[in-house]
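# Working through the structure, step by step
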Amino acid sequence: MCPNSLNDLFKDGLKHAYYTEQQLVDATEELANQSSEGEIASAFSEHHDETQGHVNRIETVFDAIGESPETKSDSAVEGLINDHDEFASQDPDQNVLDRFNIAAGQKSEHYEIAMYGNLIPLADQLGMDDVADTLEQNLREEQDALEKLSTIGEEFDYGQLPSE
Ligand SMILES: [Fe+2]
Ligand SMILES: [Fe+2]
């Protein structure tokens, strides 16, 4: 069916978000397991738990709009995950991988922030205040995760990295 309405636009975005969050449940777990440094691993592990909560919140949104939860594959998140996997598969120095993973996490948070930053005003326009509030909770956790990762990136000890 051709998307022709504000409602179609919202539902399409919600399906992409549902897929994206499911992919990121696994990705954040992998990032946590791959990180050697405690602060980085715990940031990913904490956000892994939050990400599972994001999946659950999206399911409550589907319920609120009277639809069964449905995913729609999202090439943007797949691209982010593939790029990460390709880098990690080259068996990099552990500290180099840690620094790479911080950036990989930041990119996915930026993507999720853009995703919710668009879905929330669509929900508002459709008069679905409760749905907008639920999505806003996910957005806030993405923003906090981005802030945490950005701080870790800024404070990263580059002296650990081989220069060549
Ligand atoms: Fe999320
Ligand atoms: Fe996130």
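Shown above is the structure to which this text applies.
Because the structure is a prediction, the values reported are computed rather than measured.

## A few points about the overall build of the protein chain
Across its full length, the protein chain holds 5 helices and 0 strands. Each helix (α) and strand (β) of the protein chain, taken in turn from the N terminus, gives the series α-α-α-α-α. Expressed along its principal axes, the backbone C-alpha trace of the protein chain runs to roughly 55 × 25 × 20 Å. For the protein chain, the proportion of its 164 residues judged to be buried stands at 41%. Here the contacts in the protein chain between residues at least 6 apart in sequence split such that 81% fall between residues at least 24 apart. Accessible surface computed for the protein chain: about 8,700 Å², of which carbon and sulfur atoms make up 45%.

## Quick word on the nonpolar core
In terms of nonpolar packing, the biggest core is built from 20 residues, with Phe10, Leu14, Ile58, Tyr116, Leu119, Val131 and Leu135 touching the most fellow members. Mapped by element, the contributors of at least two residues to this core are helix 1 (6-34), helix 2 (38-64), helix 4 (94-125) and helix 5 (129-154). If near-sequence neighbours (up to four positions away) are discounted, phenylalanine 10 is found in contact with Val61, Ile65, Leu119, Leu122, Ala123, Leu126, Met128, Val131 and Leu135.

## Structural notes on the layout of surface pockets
Reported here for the largest pocket is a volume of approximately 380 Å³. Every residue lining the largest pocket is counted, 27 residues in all, and those nearest its centre are Leu31, Phe44, Ala104, Gly105 and Ser108. Within the residue set of the lining of the largest pocket, elements represented by two or more residues are helix 1, helix 2, helix 3 (75-88), helix 4 and helix 5. Per element, the largest residue contribution to the lining of the largest pocket is 7 residues, and it comes from helix 4. Classifying every residue of the lining of the largest pocket by side-chain character gives 12 nonpolar, 5 polar and 10 charged.

## Comments concerning the coordination of the iron ion (ligand 2)
Distances from the iron ion (ligand 2) to its protein donors, His47 (NE2), Glu109 (OE), Glu109 (OE), Glu112 (OE) and Glu142 (OE), fall at 2.0 to 2.7 Å. Ordering the donors of the iron ion (ligand 2) by residue number gives the pattern H-x61-E-x2-E-x29-E.

## As for the coordination of the iron ion (ligand 1)
Binding of the iron ion (ligand 1) to the protein goes through Glu21 (OE), Glu21 (OE), His54 (ND1), Glu112 (OE) and Glu142 (OE), at separations of 2.1 to 2.3 Å. When the donors of the iron ion (ligand 1) are listed by position in the chain, the intervening gaps give E-x32-H-x57-E-x29-E. Taking the relative accessible area as the measure of exposure, histidine 54 reaches 0% and is therefore buried. Look at glutamate 142 and you get buried, because its relative accessible area is 0%.

## A word on a negative patch on the surface
A contiguous patch of negative charge on the surface is contributed by Asp26, Glu29, Glu30 and Asp85. It is helix 1 that contributes the most residues to the negative patch, 3 residues altogether. If you trace the backbone, aspartate 85 turns up in helix 3.

## Let's talk about unusual backbone geometry
Positive phi values are uncommon outside glycine, yet aspartate 91 reaches one of about 55°. Mapped onto the secondary structure, aspartate 91 falls in the loop between helix 3 and helix 4. Looking at aspartate 91, the relative accessible area reads 69%, which means it is exposed.

What counts and how
Residues numbered from 1 in each chain as written. Chains lettered and ligands numbered in written order. Predicted model: local features only at pLDDT ≥ 70, side-chain atom pairs only at ≥ 80, totals over all residues. Heavy atoms only, no water. Helix = DSSP H or I, 4+ residues; strand = E, 2+ residues; numbered from the N terminus. Buried < 20%, exposed > 50% of the residue type's maximum accessible area, 1.4 Å probe, protein only. Contact = heavy atoms within 4.5 Å. Areas by Shrake-Rupley, 256 points an atom, 1.4 Å probe, with all protein chains shown as cover. Core = buried A, V, L, I, M, F, W, Y, C linked by side-chain atoms within 4.5 Å. 1 Å grid on protein atoms, 1.4 Å probe; cavity = no way out; pocket = protein on both sides within 12 Å on 5 of 7 lines; lining within 4 Å. Points joined across faces, edges and corners; volume = space filled by probe spheres on them. Nonpolar A, V, L, I, M, F, W, Y, C, P; charged D, E, K, R; others polar. Donors = N, O, S within 2.8 Å, 3.2 Å for Na, K, Ca; no water. Patch = residues over 30% accessible without salt bridge, like charges linked within 9 Å, V, L, I, M, F, W, Y side chains within 5 Å. Salt bridge = Lys/Arg side-chain N within 4 Å of Asp/Glu carboxyl O. Lys, Arg positive; Asp, Glu negative; His and termini not counted. Charge placed at Lys NZ, Arg CZ, Asp CG, Glu CD.

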